[in-house]
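Residue-level structural notes
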Amino acid sequence: NHGAVYKFITKPWDVEALRATVREAFEHHELMQKKEQLALEIQAANAAMADISLDLSRLVAQQNTQIERISRYDPLTGLPNRQLFQERLEQELAHARRDNRMVAVMFVDLDRFQQINDSFGHSLADQLLQSVAEQLRSRVRASDLVGEKLERLAKAAKLSPEEARRRFATSQ
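A few points on the structure. Starting from 1, residues in each chain are numbered consecutively following that chain's sequence as written. Under the rules for a predicted model, residues below a pLDDT of 70 receive no local features and side-chain atom pairs below 80 are neither given nor counted, while totals for whole chains, interfaces and linings still include all residues. Side-chain descriptors were evaluated using all non-hydrogen atoms of the structure, hydrogens and water having been removed beforehand.

**Points about the overall build of the protein chain**
Applicable threshold: Working definition: helices are DSSP H or I runs of at least four residues, strands are E runs of at least two. Numbering for both runs from the N terminus. Working definition: with a 1.4 Å probe on protein chains only, accessible area under 20% of the residue-type maximum means buried, over 50% means exposed, and in between means partly exposed. The contact criterion used is simple: two residues touch if any of their non-hydrogen atoms lie within 4.5 Å. Residue exposure ignores everything except the shown protein chains as possible cover, and the areas themselves are Shrake-Rupley values with a 1.4 Å probe.
When you go through the protein chain residue by residue, the secondary structure sums to 5 helices and 3 strands. Along the protein chain, helices and strands appear, N-terminal first, in the series α-α-β-α-α-β-β-α. Within the protein chain, the proportion of its 172 residues that are buried is 19%. Here the analysis covers contacts within the protein chain between residues at least 6 apart in sequence; of these, 50% occur between residues at least 24 apart. Element-wise, carbon and sulfur atoms account for 56% of the exposed surface of the protein chain, whose accessible area totals about 13,600 Å².

**Quick notes on the side chain of Thr77**
As for its placement among the helices and strands, Thr77 is situated in the loop between helix 1 (15–72) and helix 2 (82–99). Thr77 has contacts with Leu129, Gln130, Ala133 and Arg137, leaving out every residue within four places of it along the chain.

**Things to note about unusual backbone geometry**
Not every positive phi belongs to a glycine, and Asn100 is a case in point at roughly 55°. When you line up the elements, Asn100 lands in the loop between helix 2 and strand 1 (103–107).

**Comments concerning the side chain of Arg101**
For the record, the criterion: Contacts described as polar in this section are N or O atom pairs within 3.5 Å, which, within protein, must combine one atom able to donate a hydrogen with one able to accept it, while residues neighboring in sequence count only if both atoms come from side chains.
Note on placement: Arg101 falls in the loop between helix 2 and strand 1. Residue classification places Arg101 among the buried residues on the basis of a relative accessible area of 13%. Within the structure, the side chain of Arg101 is placed 2.7 Å from the side chain of Glu92, a separation counted as a polar contact.

**Notes on the pattern of salt bridges**
Definition in use: By salt bridge we mean one thing: a side-chain nitrogen of Lys or Arg within 4 Å of a carboxyl oxygen of Asp or Glu.
Under the counting rule described, the total for this entry stands at 8 salt bridges. Salt-bridge contacts for Glu68 lead to Arg72; the nearest nitrogen and oxygen are separated by 2.9 Å. A residue pair is termed a helical-turn pair when its members lie 3 or 4 positions apart in one helix, as Glu68 and Arg72 do in helix 1 at 4 residues. A residue is classified by how much of its surface remains accessible, and Arg72, at 16% relative accessible area, is buried. Salt-bridge contacts for Arg72 lead to Glu87; the nearest nitrogen and oxygen are separated by 2.3 Å. You can see Arg72 sitting in helix 1 and its partner Glu87 sitting in helix 2, a full 15 residues away along the chain. By relative accessible area, which is 27% here, Glu87 ends up partly exposed. Each of the salt bridges in this network shares a partner with another, and the network as a whole consists of Glu92, Arg98, Asp99 and Arg101.

**Concerning the packing of aromatic side chains**
For clarity, the threshold we go by: Aromatic pairing here means that ring centres of Phe, Tyr or Trp (its six-membered ring) are within 6.5 Å. Orientation follows from the plane angle: under 30 degrees is stacked, over 60 is edge-to-face, and everything else is tilted. For a Lys NZ or an Arg CZ to count as sitting over a ring, it must be within 6 Å of the ring centre and within 35 degrees of the ring normal.
Taken as a whole and judged by the stated rule, the model has 0 aromatic pairs. Taking NZ or CZ as reference, Arg69 lies 4.2 Å from the ring centre of Tyr73, over its face.

**Section: the nonpolar core**
Formally: The definition of a nonpolar core used throughout is a set of buried Ala, Val, Leu, Ile, Met, Phe, Trp, Tyr and Cys residues joined through side-chain atoms within 4.5 Å.
Listed in full, the 6 residues of the largest apolar core are Leu79, Val132, Ala133, Leu136, Val140 and Val146. If one sorts the elements of this core by residue count, helix 4 (residues 122–138) sits on top with 3 residues.

**A word on helix 2**
Stated formally: Here a helix's expected span is defined as the number of its residues, less one, multiplied by 1.5 Å.
With 18 residues, helix 2 should cover 26 Å at 1.5 Å per step; its first-to-last C-alpha distance of 25 Å lies within 8% of that length. Sitting at the head of helix 2, Asn81 places a side-chain oxygen 3.2 Å from the backbone nitrogen of Gln83. The first or second residue beyond helix 2 is Asn100, which carries a positive phi of 55°.

Geometry only, nothing functional implied.
Take a look at the structure:
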């Protein structure tokens, strides 16, 4: 029971004025109930919109991540493309200069790959590239980079240039 003074009525009563006042009070009460119901509906709609907004934000973030991946990695092999490889190489060279150490870069070329592609078709050539990429990926450290063109950037240990040259010379 909600009680409130809607309108003061004074004596002597005027029956028509009393009826009109009671009718207005009921109409006012119905309007207040509708207002409360609309407020609840608006709150529910706002909550639904917030959920939709959150879902859209997540979807946009996923799409941006996917766009970033597509723009920086080869779709066939999943390896970093030339642009990403170049960026990482430049970063690693800057770190190497700063830390006075060397960086090793290895280029891998698949001999007669074009002949394989022409003779056995793109499907088999693609499988070969995927297999070579996986072989290289499985044989490098997590800190190493294998690029789209099957290039490997191996972060050199913190060696002086002289020590790196000496170790390289003795390994040949």
